[in-house]
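Secondary and tertiary structure notes
Here is what each chain is made of, one letter per residue.
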Amino acid sequence: MSTTSRPFVSIVHRALRSLAFLVPLLIASLPKAAAGQEEETGALVRRARAARAQRDSTIGAYRALVRQRVQVAVAIGDGPALPRRLVYARDDAQRISWSRDGGLRVDVLGRRVTSATLPYVRQELAKAVDELLGEMSLVPYSPGQEPLWFGGVVAHTAAGASEIVNPLAEDADPWYSIVLGDKATIRMGATDSIRLRELRVLPRRLGDDVIIGSVWIDEATARPVRAVYRPSMDIDNAAVAARLNGRPSRRSAVGRVFEPNVTRVTAMTVEYALYAGRVWLPHLRTLEGSVQRGAVRLPFLVQQTFTYDGVVPLEPRNAPPANGSVATGARRGRLPPATPNDGRCDPDGMRARVVGVPSNAPAREWVIVREPCDPSALAVSSLLPLAADQADSLFHLDEQRDLARQLLAGVEGDARRPSAQAALRLDPVSPRARFNRVEGLSLGAQAGWRLSPTTGGTLTAHTGFGDRVPNVALLIATERSRFRLSGEVYSRLQDVRDTPESREQSAALAVAGSLNAAFFGVDEGFYYRAAGGKLVIEPRAGEFAMRDVRFALWGEREEDASSQARSGVDTRGLQPNIAVRTAKYEGVTVAYRAVHGLDPFTRRLEWHARGEAATGATSYVHAALGVGVMQPVGALTLSVQLSGGALAGSPPAQRLWYIGGPASVRGAMPDTAYAGTRYGVARLDLSRAWGGVAPTVFLDRGWVARTGVSATARALTGAGAGISLHDGLLRLDLARPVGIPGQWHGMLRMNVGV
């Protein structure tokens with residue numbers, strides 16, 4: 001029975017009936033009954049709030065070497081956490097000296113910037129990084145600074161006075177429920193020890209201004225010594241910008257095309273260490289997350305480490321009054337009398353300037369900044385962190401991720417208490433559009449919502465003007481610190497390259513594939529319709545993890561989708577679609593990806609493997625493996641990609657391997673004649689980059705064959721040239737087949753692989 005003739009009611013009924021396997025997922029995510037807050041918790045929280053107001057009475061002076069790494073990558077869509085392109089990286093080394101009488105002095109010792117993007121994009125990224133970190137981001141302590149937040153943020157006594165509500169503020173109870181967690185003891189010598197107690201911070205409502213996390217307190221001093229947290233929901237960038245500008249948040253029709261427009265913080269970690277026996281100062285800080293604007297996602301990672309070679313505690317009799325020290329910070333002091341500010345170099349080869357910290361900064365004092373007279377010396381400083389792939393011993397990123405996952409897992413378990421009730425929050429509705437040979441132009445929308453700090457979902461629906469068959473997909477996901485579990489039911493158009501473990505559909509149904517089909521007449525997809533559901537599990541390892549693995553259990557009913565497109569600038573390349581028999585299949589899929597090397601100017605290696613087994617009308621097993629190497633050769637860059645796969649059993653037409661098109665052999669048009677149970681593809685690119693733009697020439701070769709029938713082996717070759725932007729993220733190619741009659745074809749490609 002053809003999909004085009006099946007009533008829409010039947011599709012909806014099947015999707016709703018498939019929701020049964022999602023019910024346990026929803027129930028497990030809802031808050032559950034628990035006891036009220038213990039008196040012991042209230043006493044410790046009150047002591048921590050009092051200690052927060054007296055923090056400025058413990059430190060007299062310090063001197064520290066601060067090293068920082070900032071990385072920004074780019075990816076297309078909400079796919080795996082594995083970053084595909086590093087577009088901006090900055091390493092800093094500074095010597096920070098502060099004393100209560102002498103103020104703050106910053107010696108800039110090193111700075112290195114790495115970027116393979118266009119100059120304008122590089123400048124905008126640098127500006128965005130500066131705005132994200134702020135002026136005081138590398139200062140470990142200054143009077144009035146908030147000890148829990150990242151960077152130089154004013155510590156307000158009132159909970160609602162800052163953008164993020166501090167759970168240790170005096171009046172934070174309406175925003176948070178705080179419960180006791182684990183205990184720990186740090187041994188110091190034979191007799192001394194420090195006892196720590198965990199406070200688990202649970203939001204009473206969802207919002208980007210409240211957090212969910214874990215704060216560890218020194219029981220003796222009631223001061224925070226460790227914190228791991230994240231906002232309870234994604235940060236709405238448009239709403240924050242409107243709030244900062246003092247105007248209502250309005251979204252234009254054009255702005256909705258680029259939804260979602262959010263910042264997602266995976267984890268923020270602050271680790272303190274004890275110095276001089278009584279002063280807690282930050283030792284490590286990390287911030288990991290991503291900014292998403294429409295289909296473009298920018299994962300970011302900030303890492304800081306602090307090494308102290310002089311910490312002077314403040315004697316209690318000399319301590320300033322605690323009243324107001326958290327809210328107002330220190331008063332601006334007088335300028336040191338002999339501070340030069342005319343650009344002259346001192347005997348150490350340094351140039352000093354005086355900077356007035358903005359009035360809203362925590363340390364309201366003058367800052368002396370000293371920089372080398374020769375700026376080129378900054379990039380070769382021995383104090384800078386090592387290369388990105390070698391610096392984990394400095395920043396302890398793996399240990400920080402393990403700690404964050406462990407602590408947040410405990411907090412997420414407590415998030416089901418009635419004191420942490422969460423209201424339903426709706427995301428802005430964003431439009432969706434695509435073009436292909438089956439649907440023609442297809443329009444729709446996507447809506448999202450949040451049920452709790454860890455659980456949410458999306459509903460996507462659209463219909464094509466060509467076939468007029470509705471597509472609908474309902475996804476519900478719970479994102480925990482250790483894993484992401486998602487369930488989806490759907491009735492929609494799919495491409496043979498769709499993978500069950502993926503969060504999104506293939507490139508043929510994405511933006512670049514739609515533009516290729518509409519304007520260049522190159523539709524690389526072979527389509528069929530599927531109605532069913534899938535359950536996907538993926539261990540979470542962070543945005544900048546070097547490995548990504550996914551498991552999927554799925555079951556669906558698959559049937560034919562006839563070509564119905566009647567419009568497009570050039571439809572000569574919209575070749576016939578595959579013929580699919582109506583049948584049911586259930587299976588399991590496992591996928592793994594890994595990358596080594598993020599620096600765009602050094603060698604990069606990426607490989608992926610995928611296996612699938614399914615049964616139903618027929619049974620089959622398939623496996624695929626691919627590897628890519630990018631190697632600079634003098635002023636040129638050589639890129640080689642090899643991939644291959646094999647099928648066993650009796651696979652249907654929609655599970656065969658197909659070659660031809662932008663994803664395999666560029667220049668050769670996709671054709672149902674080039675299908676088989678075995679395939680291999682080799683792609684060779686040679687490019688020369690100038691400021692983020694790289695002219696490229698390439699040659700591709702691919703073959704397919706039927707198992708046991710060598711006579712059916714067929715090969716395709718394609719060649720051409722193009723322009724690559726931003727280290728290959730966006731490409732525009734002109735290619736044609738080699739050895740067979742054919743014409744030149746333009747192809748747009750949004751590439752997130754090597």
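Residues numbered from 1 in each chain as written. Predicted model: local features only at pLDDT ≥ 70, side-chain atom pairs only at ≥ 80, totals over all residues. Heavy atoms only, no water.

Let's talk about the state of the cysteines
- Within this structure, the stated rule accounts for one disulfide.
- Disulfide pairing is shown between Cys-345 and Cys-373; the S-S distance is 1.9 Å. Pair noted here: Cys-345 is in the loop between helix 7 (325-328) and strand 12 (350-356) and Cys-373 is in the loop between strand 13 (366-372) and helix 8 (392-395), with a separation of 28 residues, a long-range link.
- Here Cys-345 falls in the partly exposed class, since its relative accessible area comes to 43%. (Disulfide = S-S within 2.5 Å. Helix = DSSP H or I, 4+ residues; strand = E, 2+ residues; numbered from the N terminus. Buried < 20%, exposed > 50% of the residue type's maximum accessible area, 1.4 Å probe, protein only.)

Some points on the side chain of Thr-478
- For Thr-478, the location among the structural elements is in strand 18 (residues 470-479).
- Overall, Thr-478 belongs to the buried group, its relative accessible area being 3%.
- A distance of 3.4 Å separates polar atoms of two side chains, one belonging to Thr-478 and the other to Thr-455. (Polar contact = N/O pair within 3.5 Å; in protein donor to acceptor, adjacent residues only side chain to side chain.)

Comments concerning the nonpolar core
- Core analysis: the largest hydrophobic core is formed by 36 residues, its most contacted members being Val-72, Tyr-176, Leu-199 and Ile-217.
- Beyond its immediate stretch of four places on either side in the chain, Val-72 contacts Arg-85, Leu-86, Val-87, Tyr-88, Leu-125, Val-129, Leu-298, Pro-299, Phe-300 and Phe-544.
- Of all hydrophobic cores here, the second largest spans 27 residues; its members include Tyr-620, Trp-657, Tyr-679 and Val-681. (Core = buried A, V, L, I, M, F, W, Y, C linked by side-chain atoms within 4.5 Å. Contact = heavy atoms within 4.5 Å.)

Thoughts on the confidence of the model for the protein chain
- On average, residues of the protein chain score 79 in pLDDT, and 77% of them reach the 70 mark or higher.
- Across the protein chain, strand 28 (residues 678-687) holds the top mean pLDDT of 95, while helix 7 sits lowest at 44. (pLDDT = per-residue confidence, 0-100.)

Let's talk about a nonpolar patch on the surface
- Together, Val-633, Leu-636, Leu-638, Leu-684, Leu-686, Val-697, Leu-699 and Val-738 give the surface a local cluster of nonpolar side chains, amounting to about 610 Å² of exposed area.
- If you list the elements that add at least two residues to the nonpolar patch, you get strand 25 (636-649), strand 28 and strand 29 (693-706).
- Looking at where Leu-638 falls in the secondary structure, it is placed in strand 25. (Patch = residues over 30% accessible without salt bridge, like charges linked within 9 Å, V, L, I, M, F, W, Y side chains within 5 Å. Areas by Shrake-Rupley, 256 points an atom, 1.4 Å probe, with all protein chains shown as cover. Salt bridge = Lys/Arg side-chain N within 4 Å of Asp/Glu carboxyl O.)

Considering the side chain of Arg-683
- In this fold, Arg-683 is placed in strand 28.
- Look at Arg-683: it is buried, it has no salt bridge, and the nearest opposite charge is Asp-700 at 4.0 Å.
- Only 3.3 Å separates the side chain of Arg-683 from the backbone oxygen of Pro-662, close enough to count as a polar contact.
- Among residues more than four places away in sequence, those in contact with Arg-683 are Ser-639, Val-640, Gln-641, Pro-662, Ala-663, Ser-664, Val-665, Arg-666, Leu-699 and Asp-700. (Lys, Arg positive; Asp, Glu negative; His and termini not counted.)

Description of the environment of Val-311
- Following the sequence through the fold, Val-311 ends up in strand 11 (residues 296-313).
- By relative accessible area, which is 18% here, Val-311 ends up buried.
- Sequence separation of Val-311 and Arg-63 is 248 residues, and the distance between their C-alpha atoms is 6.6 Å.
- Setting aside residues no more than four positions away along its own chain, Val-311 makes contact with Ala-61, Tyr-62, Tyr-275, Ala-276, Val-279 and Leu-281.

Description of the pairing of strand 32 (residues 745-750)
- Here strand 32 lies mainly inside the structure; five of its six residues are buried.
- Judged from the six bridges that link them, strand 31 (residues 730-737) and strand 32 form a sheet pairing that is antiparallel. In the sheet register, Asp-733 faces strand 32, and the bridge partner there is Met-747. (Pairing = 2+ DSSP bridges.)

Comments concerning the pattern of salt bridges
- Counted according to the given criterion, the structure contains 35 salt bridges.
- Of the charged contacts, one joins Arg-200 and Glu-198 as a salt bridge, the two residues approaching to 3.3 Å between their closest N and O atoms. For the pair shown, Arg-200 and Glu-198 are each scored as buried.
- As a salt-bridge pair, Asp-685 and Arg-731 come within 3.1 Å of each other at their nearest N and O atoms. One end of the pair, Asp-685, is in strand 28; the other, Arg-731, is in strand 31, and 46 residues separate them in sequence.

So, the packing of aromatic side chains
- With the rule as written, the count across this model stands at nine aromatic pairs.
- When the ring of Tyr-62 is compared with that of Tyr-141, the centres are 6.4 Å apart and the planes differ by 65 degrees; the resulting orientation is edge-to-face. Taken together, the residues Tyr-62 in strand 1 (residues 59-76) and Tyr-141 in the loop between helix 4 (119-133) and strand 4 (176-188) connect sequence positions 79 residues apart.
- For Tyr-62, a relative accessible area of 3% gives the class buried.
- Of the residues examined, Tyr-141 reaches a relative accessible area of 0% and is grouped as buried.
- Taken together, the aromatic side chains of Tyr-62, Trp-98, Tyr-141, Tyr-275 and Tyr-308 make up a single cluster linked through ring pairs.
- The ring of Tyr-490 has Arg-492 lying over it, and the distance from NZ or CZ to the ring centre is 4.1 Å.
- It is Arg-666 that lies over the ring of Phe-698; its NZ or CZ is 4.1 Å from the centre. (Phe/Tyr/Trp six-rings, centres within 6.5 Å; stacked < 30°, edge-to-face > 60°. Lys NZ or Arg CZ within 6 Å of the ring centre and 35° of its normal.)

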